[in-house]
Each structure stands twice: as C-alpha cells, then as structure tokens.
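Coordinate inspection notes
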Amino acid sequence: MEYRYMGRTGLKVSELCLGTQTFGWGADETTAHRMASQFLDAGGNFFDTSNIYNEGQSETILGSWLKNQDRSQVVIASKVFFPAGSGPNDTGLTRKHIFHQVDASLRRLQTDYIDIYQTHCWDASTPLEETLRALNDLVTMGKIRYIGASNYTPSQLMRSLMLSEKHNWARMDCLQPEYSLLVRSPEWELLPLCQEQGVGVIAWSPLAGGWLTGKYKRNQPPPSDSRAGRADRWDDLPEQRETDQCWEIVDTLVAIAEARRKSPAQVALNWVLNKPGVTAPIFGARTPEQLEQNLGCAGWSLSADEVAQLDAASAIPLPSPYNFIARYTRKR
C-alpha cells in the first residue's frame, strides 16, 4: 500500500480508503472488526464513516475496534449534515447541529478527536460563514484536525476556500465527490479545481453501488442479494444505472479484467486510483473475502491503451460552456 499527501497538507493517507457504511449493515461487529484489522494489516490507515450511517452503528462499531488500536496510526474521517433526529435543529450545517453531532461522533468512535471532519452536503439554509466558523472553532478546540466537504459544486468549494483565506480560518483540505466510470462529471471542473487549490480528493462510490463489479448482466434480473436486487439504495435504481452506455462500460471492464486476470471491480478501482488529482477511492465490503479482492486493485496500473478504452466507453458529452471552451481555449 502506498501513501499520499492529503492535498497540500502534510497528512499522509493510504491510497485506498475503507468506507465503513457496511458496518452494522451487511457486516456485523465481528465481521467489521475483522475487516478493519485486515485493511490495517494490508497497509491501509484511512477509514471513512458518518454520523448517520446505520443510525450511528457504523461509528459505534468502528469505535469499538479503534479503542484497541494505536490511535496515532489511524486516520478517521467522518461527516455531518443529514438528519440525526426528528427535531427542527437535528439537521444541516448550523453551529448548533455541528457542535452537537461532533460530540456524539466522538463518543461513538471512543476517541477525543476526528482527523478529517467533512460537511456531508451543501446546506443552502445556513450561511457558509456560520458553518466554516464552527468548523474552525472545532479545529482550535482540538476536536478535529482537518476539515473537508462532500457533494459540493466547484463554486461552493471555491467560495469556502476564499472565505477561509479571508478570515484565516481552517480551510477545506479534502473533497469527497462521487466519481467513477459511470460518474465522470467531476472531471469538468471539480478535479482541476482541487489540483489547482491543493485539495485532496477521496472519491465515493467508485464502483457505482456495485454496477462496476460485473455482477449485473445485460437483459438479466439483478442478483437477489445485490443492492439493486433488494432496491435498498438510492443510487442503484435502474433508470440511473441500467443504460446502454452502462452496459458498454461493463462489457469493456469485463474484457480488460479477463485479459489482465483481474476482477472487474479491481479494474474499475484502479482506473479511479490512478486518475490525476485523486488521493484515494473509498470502497466498502461486506465480507473479508470481498475486501481481499478489492485490495487487489493496488500495486499495478492499467496500460495507456486500457485506460483509453475505458475513457472512451465512459465518455459523456461536455455541456455548455465546457464544450465551447474545449474547442476554442488556448492550450498550454
């Protein structure tokens, strides 16, 4: 396992991040602990969770494992935004909600600090200044080390960076966007912006909720034990994934995987892992066997021709003004 700097910071994280959304959903505490140790033994030091994953069970299970580890050797990222209760102030990025939830996360994680605390989604109802000031105060208090964001547009991220610079607050050093062969829009502006501004990128859903693992077949019903088969995840709806281009991507993945003697998931993860600007893809697993297979995405690289094949199969037309700029801008 190699290690990469988180953006312009001096923090080093493993090139793969273990997402723990399956902890408490798909993986019980014993299995989750085994996988966390398995990932650590493989050289991974980076874990991602959230205050609302499985009603807090993800953090609780990760915390019961973490208490028996050398805390200084593990990087924990968590998030805040979505409803954590039924009250009118139990959601969003207000100072009240952030302060309440960071303490709740710390209790569940059984630690006195979170390495990277991320806003889980843009909050159009709370002034950005209020959110950033609250996060900066938590850094000053020592409850969090770095701050980040997930699901921000380029303009929202840039505005955050500018406000932090203006007020000398802690700045967003990490962005968590959805990015995969099925979701390539971050390449239009988010990834270049993060590279320019020194913001690390940890990509969520690099396997597109399982659609890039080869488990789904054209003109066949999804496996009953899959997310799509259970219809229990928002990003696995057929109208979002089951398209002609999706099947072309899957066919290309399978062909390359067979030629390289890799799994389609390993190929899809390797494609994200080696994209410019990406610090680490976040992947999850329900079993130690699945985790072991996914770990096989590291330690090798796709050839330029294989990358070109995948890029071509997954390419999406640029909207305006990106298409106009691509045609007429001056190249370096």
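A brief report on the enclosed structure follows. (Residues numbered from 1 in each chain as written. Predicted model: local features only at pLDDT ≥ 70, side-chain atom pairs only at ≥ 80, totals over all residues. Heavy atoms only, no water.)

Quick word on helix α10 (residues 264–273)
The periodicity of an α-helix, 3.6 residues per turn, causes residues three or four positions apart to be oriented the same way. When you tally the buried positions in α10, you get ten out of ten residues, the bulk of the element. All buried positions along α10 are accounted for by Pro264, Ala265, Gln266, Val267, Ala268, Leu269, Asn270, Trp271, Val272 and Leu273. As for α10, its buried residues are in contact with β1 (3–5), β9 (200–203), α9 (244–260), β10 (280–283), α11 (288–295) and α12 (304–314). (Buried < 20%, exposed > 50% of the residue type's maximum accessible area, 1.4 Å probe, protein only. Helix = DSSP H or I, 4+ residues; strand = E, 2+ residues; numbered from the N terminus. Contact = heavy atoms within 4.5 Å.)

Re the packing of aromatic side chains
The final tally for this structure, using the stated rule, is ten aromatic pairs. Measuring from ring centre to ring centre gives 5.3 Å for Phe39 and Phe47, while their planes differ by 80°; the resulting arrangement is edge-to-face. When sorted by exposure, Phe39 lands in the same class as Phe47, which is buried. By way of ring pairs, the aromatic residues Phe39, Phe47, Trp65 and Phe283 are connected into one cluster. When the ring centre of Tyr113 is taken as origin, the NZ or CZ atom of Arg71, which lies over that ring, is 4.1 Å away. Positioned above the aromatic ring of Tyr113, the side-chain terminus of Arg145 is 3.8 Å from the ring centre. (Phe/Tyr/Trp six-rings, centres within 6.5 Å; stacked < 30°, edge-to-face > 60°. Lys NZ or Arg CZ within 6 Å of the ring centre and 35° of its normal.)

Some remarks on the nonpolar core
For soluble globular proteins, nonpolar side chains are generally found buried alongside one another. By size, the foremost hydrophobic cluster in this structure holds 79 residues, and its most contacted members are Phe47 and Tyr117. In contact with Tyr117, not counting residues within four places along its chain, are Ser78, Lys79, Val80, Ile98, Gln101, Val102, Leu135, Leu138, Ile144, Tyr146, Ile147 and Gly148. If you look at the next biggest cluster of nonpolar residues, it comprises 13 residues, including Val13, Cys17, Val75 and Ile202. (Core = buried A, V, L, I, M, F, W, Y, C linked by side-chain atoms within 4.5 Å.)

Concerning unusual backbone geometry
Of note, the bond from Ser320 into Pro321 is cis; its omega dihedral lies within 30 degrees of zero at 5°. Looking at the element boundaries, Pro321 is found in the loop between α12 and α13 (322–328). Located in the positive-phi region is Asn54, a residue other than glycine, with phi close to 55°. In this structure Asn54 comes out as buried when scored by relative accessible area, which is 18%. At Gln110, a position not held by glycine, the phi torsion is positive, near 55°. Tracing the backbone through its elements, the reader meets Gln110 in the loop between α3 (95–109) and β6 (114–119).

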